[in-house]
Amino acid sequence: METNMLHYRIAERGKIHALDKNHKEALRHYKEAMKLAQQGEDSELFYQHYSQCVMESLELSGAHDQVISFCENYRSFLQEKEQDVLVRKHNGFVSERQAIQHVLKEEPEEAKELLQEVQKDLGKGKQPITDELLGWLQRGYKVNRDQLTRLQKKHNYFIVRKESVNPKIAMDLPEGVSPF
């Protein structure tokens, strides 16, 4: 396989680690994949995808402050782009992810503010998680982790799913390689 697709193989292995709930190894693989992807064609597309994988593993390992920080930085980056439909939609997903972290940290007001921004920018009915979660928060419900997880699964929030990973091409990073 071409070296410029090495990042893809490493990221696939990261996804396998994530599915096994070994988020530390998943993150190590994703970050190396991101580093390698910057050198190839379609680097921005891969970088976006791997960024989502990183945020997902951070979220699932309970590093909510890191996800919030990542989302804030990413949203700043997106603001500098031309605000076409795709950029606005991507910003909506990143904002939604950030809002979910606030819910998990029991900060409903911060979550509500972000979700209202998303709904205002994209419109109702465009992001079902945003619509449902915002509705709960506006009615004053306290949303627990289990309710949130059910909502996330119902709407395929998590992009790393068993059926979307290709284990045949997955490649392990050598122990000594650390992208940190």
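This write-up is about the structure you can find in this document. Computed from a prediction, not measured in an experiment: that's the story for all the values here.

### Details of the overall build of the protein chain
- Helices and strands together make up the secondary structure of the protein chain, namely eight helices and zero strands.
- The order of α-helices and β-strands along the protein chain, N terminus first, is α-α-α-α-α-α-α-α.
- Over its C-alpha trace the protein chain gives a radius of gyration of 17 Å, about what one expects of a compact globule, namely 16 Å for 180 residues.
- Each principal axis of the C-alpha distribution contributes one length, and for the protein chain these read about 50 × 35 × 30 Å.
- Relative to its 180 residues, the protein chain shows a buried fraction of 44%.
- Residue pairs in contact within the protein chain that sit at least 24 positions apart in sequence constitute 62% of those at least 6 positions apart.

### Description of the nonpolar core
- Within the largest apolar cluster, 26 residues are counted, with the highest numbers of intra-cluster contacts made by Y30, Y50, V54, L58 and V160.
- The residues touching Y30, leaving out its near neighbours within four places in the chain, are A11, G14, K15, A18, C53, V54, S57 and V160.

### Points about the packing of helix α3 (residues 43-60) against helix α4 (residues 64-79)
- Contact geometry of α3 with α4 gives a least axis separation of 8 Å together with a crossing angle of 155°. If you check the angle between α3 and α4, you find them roughly antiparallel. Crossing of α3 against α4: the hand is left-handed. Residue-level inspection shows Q48, S51, V54, M55, L58 and E59 of α3 in contact with α4, the latter providing H64, Q66, V67, F70, C71 and Y74.
- For the contact of α3 with α4, the class distribution of residues is seven nonpolar, four polar and one charged.

### Section: the side chain of K112
- Looking at where K112 falls in the secondary structure, it is placed in helix α6 (residues 108-122).
- Its relative accessible area of 17% is what places K112 among the buried residues.
- Once residues lying within four places of it in the same chain are set aside, the contact partners of K112 are L134, L137 and Q138.

### Structural notes on the packing of α6 against helix α7 (residues 128-138)
- Axis separation between α6 and α7 bottoms out at 9 Å; the angle between their running directions is 135°. As far as their axial angle goes, α7 and α6 are oblique. Here the hand of the crossing between α6 and α7 comes out left-handed. When α6 is examined against α7, the residues P108, A111, K112, L115, Q116, V118 and Q119 are found in contact with a partner set consisting of T130, D131, L133, L134, L137 and Q138.

Reading guide: rules and limits
Residues numbered from 1 in each chain as written. Predicted model: local features only at pLDDT ≥ 70, side-chain atom pairs only at ≥ 80, totals over all residues. Heavy atoms only, no water. Helix = DSSP H or I, 4+ residues; strand = E, 2+ residues; numbered from the N terminus. Rg over C-alpha atoms; globule rule 2.2 N^0.38 Å. Buried < 20%, exposed > 50% of the residue type's maximum accessible area, 1.4 Å probe, protein only. Contact = heavy atoms within 4.5 Å. Core = buried A, V, L, I, M, F, W, Y, C linked by side-chain atoms within 4.5 Å. Axes fitted to C-alpha atoms, helices over the stretch in contact; angles between N-to-C directions. Parallel < 35°, antiparallel > 145°, perpendicular 65-115°, else oblique. Left-handed = near helix turned anticlockwise from the far one by under 90°. Nonpolar A, V, L, I, M, F, W, Y, C, P; charged D, E, K, R; others polar.

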